[in-house]
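The chain contents come next:
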Amino acid sequence: MSQPRIAIIGAGIAGLACGRALRLQRARVTLFEKSRSLGGRLATRKWEDQVVDHGAPWFSLTDAGLRQDWSRLLPDGLLPMTVPMRDSATGEALVEPDGGRWYLPAGNNRLGKALAEGLKIRMEHVVENPPVAQGNQWRLGDEAYDAVIFTAPWPQTRRLLEPWFPSGEALEPRYRRTLTAFFAYEGDPSGPSAEWSALQHEPGHACLEHSICENHKTTRVPPGRTVIVAHAPAAFSDAHFEDSPDDWAALMEPAVRAAWELSSPPVAVFTHRWGFSTVTQTFATPPSLPRGLLIAGDALTGSAVEAAARSGLHAAHAALRLF
Ligand SMILES: Cc1cc2nc3c(=O)[nH]c(=O)nc-3n(C[C@H](O)[C@H](O)[C@H](O)COP(=O)(O)OP(=O)(O)OC[C@H]3O[C@@H](n4cnc5c(N)ncnc54)[C@H](O)[C@@H]3O)c2cc1C
């Protein structure tokens, strides 16, 4: 088959990396994305005069090929974070993993936008029903495709694969929830916020797991402001997920101020709830699906932007091998 028609559900990094690889091999690709933005959990918000990553703050790039490809795709902006992170339990700097922590000065979601270049994407389109077999193809909505690739977090994908997963299995991937709040304080970074790019809070901390000072990302925060993004631990997130964001942000803020030794209350606050933030259990073995249906994304790999991208590339090659 010269130009297979392939549908991809989800325009996060797995779906976009998959779509780009397929397009470069001349497949006819359509992506469906339920939200208004590209990049999924590699998410950025323009907030007043600040640009804030409220999903993955940075990502590894251990794969030389991927690093080369993304550097070409992002000529102005793929930088390593050089300011260290602090382990609050020991007070020491955390050792960087191989491949380091990379970010995009204009906002991490720019990676999604760059990968999306030239792709046909139906934004704000929720795929609600499983594909239906039609000869050698799969009908999705009013179109038929030679293959359908699912990249949403597993609980969302699972609903679309209900015919092949009639009952919940204990070994299916699980995701945790995360409450995220960002706080803007008057004044330039000083003390810990001048010294550290992030704090990994003590295990068992009541309301903070990680917090990140966005000022250390080039051009993100104008002078005279300090912006901290705080992610809550799973227990706190579960306990307060349905509460008013004002309430749980008000619990997190004094802890942020204390940890970063900031002297006065924030001048602005913003919140976000992640229903599926990171994977706590991946597939032990990938599920087997009928020919033409494939899965990619962090349900297979564990939560990491680089791993999600690689799983998207893997799914693209697996799909192409079918034709
Ligand atoms: C708070 C937080 C911190 C993190 N920290 C890091 C970190 O430091 N380093 C790191 O590498 N990774 C980190 N991660 C994990 C990383 O962001 C993810 O593993 C990765 O982005 C997952 O990409 P994906 O494409 O698999 O899924 P997603 O990004 O979730 O993309 C799936 C897409 O599918 C769409 N979708 C869902 N259902 C449907 C439907 N029915 N129809 C159409 N579209 C649908 C969604 O809107 C979404 O855009 C973090 C994540 C979070 C939330």
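Here, every reference points to the structure presented above.
Remember, predicted model here, so these are calculated numbers, not experimental data.

Colleague: When you look at the pairing of strand E10 (residues 137-140) in this model, what are you seeing that I'm missing?
Modeller: Residues of E10 alternate between two faces, with Trp138 and Leu140 buried on one and Gln137 and Arg139 left unburied on the opposite face. Hairpin connection of strand E9 (residues 132-134) to E10: two residues between the antiparallel strands, including glycine 135 at a positive phi of 65°. In this structure, E10 lies alongside strand E11 (residues 143-145), joined through three bridges in antiparallel fashion. The partner of arginine 139 across the bridge, within E11, is alanine 144. A loop of two residues connects E10 with E11, the two strands running antiparallel in sequence, and glycine 141 in this loop sits at a positive phi of about 60°.

Colleague: Is there a simple way to explain the pairing of strand E12 (residues 147-150) in this structure?
Modeller: Covered by surrounding structure in E12 are Ala147 and Ile149 together with Val148 and Phe150, the residues of both alternating faces. Pairing of E12 with strand E18 (residues 293-295) involves three bridges; the strand directions are parallel. Counted as the bridge partner of valine 148 is leucine 293 from E18.

Colleague: Help me understand helix H1 (residues 13-24) in this model?
Modeller: Working note: α-helix, 3.6 residues per turn, so residues spaced by three or four point in the same direction. In this model, H1 (12 residues) spans 16 Å end to end at C-alpha, consistent with the 16 Å of a helix rising 1.5 Å per residue. Buried residues dominate H1, accounting for 10 of its 12 residues. Arginine 26 sits one or two positions beyond H1 and adopts a positive phi of about 70°.

Colleague: Please explain the site of the ligand as it appears in this structure.
Modeller: Looking at the ligand, there are 35 residues lining it, with Glu33, Arg41, Trp58, Asp298 and Val305 nearest. Here an oxygen atom of the ligand and a side-chain polar atom of glutamate 33 are 2.6 Å apart. One of the backbone nitrogen or oxygen atoms of lysine 34 is found 3.1 Å away from a nitrogen atom of the ligand. When the ligand sits alone it has 1000 Å² of accessible area, and the protein chains cover 90% of it. If you list the elements that add at least two residues to the shell around the ligand, you get H1, strand E17 (268-281) and helix H9 (305-321).

Colleague: Teacher, can you tell me more about the sheet that holds E11 here?
Modeller: Taken in spatial order, the three strands of this open sheet run E9-E10-E11, and their pairing is antiparallel. One side of each edge strand has no neighbouring strand; the edge strands of this open sheet are E9 and E11. Neighbour to neighbour, the strand axes of the sheet diverge by 40° on average, direction disregarded.

Colleague: How should I be thinking about a negative patch on the surface in this particular structure?
Modeller: There is a patch of like negative charges on the surface, built from Glu242, Asp243, Asp246 and Asp247. In this fold, aspartate 247 is placed in helix H7 (residues 245-259). Residue classification places aspartate 247 among the partly exposed residues on the basis of a relative accessible area of 46%.

Colleague: Looking at this structure, how should I read the packing of aromatic side chains?
Modeller: Ring pairs (aromatic) are described by centroid distance and by the angle formed between their planes. Going through the model one piece at a time under the given rule, you end up with nine aromatic pairs. Ring plane angle 80° and centroid distance 5.7 Å describe the contact between tryptophan 138 and tryptophan 164, whose orientation is recorded as edge-to-face. You can see tryptophan 138 sitting in strand E10 and its partner tryptophan 164 sitting in the loop between helix H4 (154-160) and strand E13 (174-186), a full 26 residues away along the chain. In this structure tryptophan 138 comes out as buried when scored by relative accessible area, which is 8%.

What counts as what
Residues numbered from 1 in each chain as written. Predicted model: local features only at pLDDT ≥ 70, side-chain atom pairs only at ≥ 80, totals over all residues. Heavy atoms only, no water. Buried < 20%, exposed > 50% of the residue type's maximum accessible area, 1.4 Å probe, protein only. Helix = DSSP H or I, 4+ residues; strand = E, 2+ residues; numbered from the N terminus. Pairing = 2+ DSSP bridges. Expected span 1.5 Å × (residues − 1). Near = heavy atom within 4 Å. Polar contact = N/O pair within 3.5 Å; in protein donor to acceptor, adjacent residues only side chain to side chain. Areas by Shrake-Rupley, 256 points an atom, 1.4 Å probe, with all protein chains shown as cover. Axes fitted to C-alpha atoms, helices over the stretch in contact; angles between N-to-C directions. Patch = residues over 30% accessible without salt bridge, like charges linked within 9 Å, V, L, I, M, F, W, Y side chains within 5 Å. Salt bridge = Lys/Arg side-chain N within 4 Å of Asp/Glu carboxyl O. Lys, Arg positive; Asp, Glu negative; His and termini not counted. Charge placed at Lys NZ, Arg CZ, Asp CG, Glu CD. Phe/Tyr/Trp six-rings, centres within 6.5 Å; stacked < 30°, edge-to-face > 60°.

Interpretation in functional terms is not warranted from these geometric data alone.
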